[in-house]
Amino acid sequence: MVSSTVFVLNGPNLNALGKREPGIYGSQTLADIEALCRTEGEKLGFAVDFRQSNHEGDLIGWIHEAGDNAIGVAINAAAYTHTSVALHDAIRAVGVPVIEVHLSNVHAREEFRHRSMIAPAVRGVICGFGAHSYILALQALSSITR
Ligand code: DQA
């Protein structure tokens, strides 16, 4: 794996982007967002390893893997953001910077979305810019890792 690989990790239900609540999440599919990330990654000199899972344990394993094989992580943990102590602990267990990403402005939505279990463990949080949140996260990883 090249030394400037970044992992872009996506949690539950994000595989349904495009048809899932488009009024909130937009009409772009996860494949569209992956393509945007790859283009931005090329500009920044990153190889983008883009993954999605509906299973918490997959995300935890991938964070551990990123600690060994990547220089940073952008993660949209989706609903696990609001519930997962295990993801918080996984992020704290690795030495690479992790950026929390959300398409929507979670603070302008239901109260249960206002609390992030992972926010205290990450380097920073970007939310509310739709697919552009991912681009901003890659740019942030570029500026803090060089
Ligand atoms: C989300 C916001 C979460 O509250 C929600 O559970 C998601 C998507 C976002 O990208 O806006 O699935 O992470």
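Note: the structure precedes this text.
What this report covers is the structure whose coordinates are included nearby. (Residues numbered from 1 in each chain as written. Predicted model: local features only at pLDDT ≥ 70, side-chain atom pairs only at ≥ 80, totals over all residues. Heavy atoms only, no water.)

Moving on, we come to the overall build of the chain. Broken down by element type, the chain carries five helices and five strands. Along the chain, from the amino end to the carboxyl end, the secondary structure elements read β-α-α-β-α-β-α-β-β-α. Since a compact globule built from 146 residues should have a radius of gyration of about 15 Å, the 14 Å found for the chain is in line with a globular shape. Dimensions of the chain, computed from the C-alpha atoms along their principal axes, are close to 40 × 30 × 25 Å. Burial statistics for the chain: of 146 residues in total, 51% are counted as buried. For the chain, the computed accessible surface area is about 6,700 Å², with 51% contributed by carbon and sulfur atoms. Side-chain charges of the chain comprise 11 positive and 14 negative groups, with the mean position of each set lying 3 Å from the other. (Helix = DSSP H or I, 4+ residues; strand = E, 2+ residues; numbered from the N terminus. Rg over C-alpha atoms; globule rule 2.2 N^0.38 Å. Buried < 20%, exposed > 50% of the residue type's maximum accessible area, 1.4 Å probe, protein only. Areas by Shrake-Rupley, 256 points an atom, 1.4 Å probe, with all protein chains shown as cover. Lys, Arg positive; Asp, Glu negative; His and termini not counted. Charge placed at Lys NZ, Arg CZ, Asp CG, Glu CD.)

Surrounding the ligand, one finds R20, Y25, N76, A78, A79, H82, H102, L103, S104, V106, R109 and R113. Taking N76, its side chain carries an N or O atom lying 2.8 Å from an oxygen atom of the ligand. For the ligand, the accessible surface in isolation is 320 Å², of which the surrounding protein chains cover 99%. By residue class, the composition of the shell around the ligand is five nonpolar, four polar and three charged. (Near = heavy atom within 4 Å. Polar contact = N/O pair within 3.5 Å; in protein donor to acceptor, adjacent residues only side chain to side chain. Nonpolar A, V, L, I, M, F, W, Y, C, P; charged D, E, K, R; others polar.)

For the pair helix α2 (residues 30-44) and helix α5 (residues 132-145), the least separation of the axes is 9 Å and the interaxial angle reads 25°. Here α5 runs roughly parallel to α2, going by the angle between their axes. Crossing hand, α2 versus α5: right-handed. Across from I33, L36, C37, E40, G41 and L44 in α2, the residues of α5 making contact are Y134, I135, L138, Q139 and S142. Taken together, the residues of the contact of α2 with α5 sort by class into seven nonpolar, three polar and one charged. (Axes fitted to C-alpha atoms, helices over the stretch in contact; angles between N-to-C directions. Parallel < 35°, antiparallel > 145°, perpendicular 65-115°, else oblique. Left-handed = near helix turned anticlockwise from the far one by under 90°. Contact = heavy atoms within 4.5 Å.)

Attention now goes to the side chain of R20. Turning to its location among the elements, R20 is positioned in the loop between β1 (5-10) and α1 (22-25). E21 provides the closest opposite charge to the buried, salt-bridge-free R20, at an N-O distance of 4.4 Å. A polar side-chain atom of R20 sits 3.5 Å from a polar atom in the side chain of Y25. In contact with R20, other than residues within four places in its own chain, are P12, N13, L14 and Y25. (Salt bridge = Lys/Arg side-chain N within 4 Å of Asp/Glu carboxyl O.)

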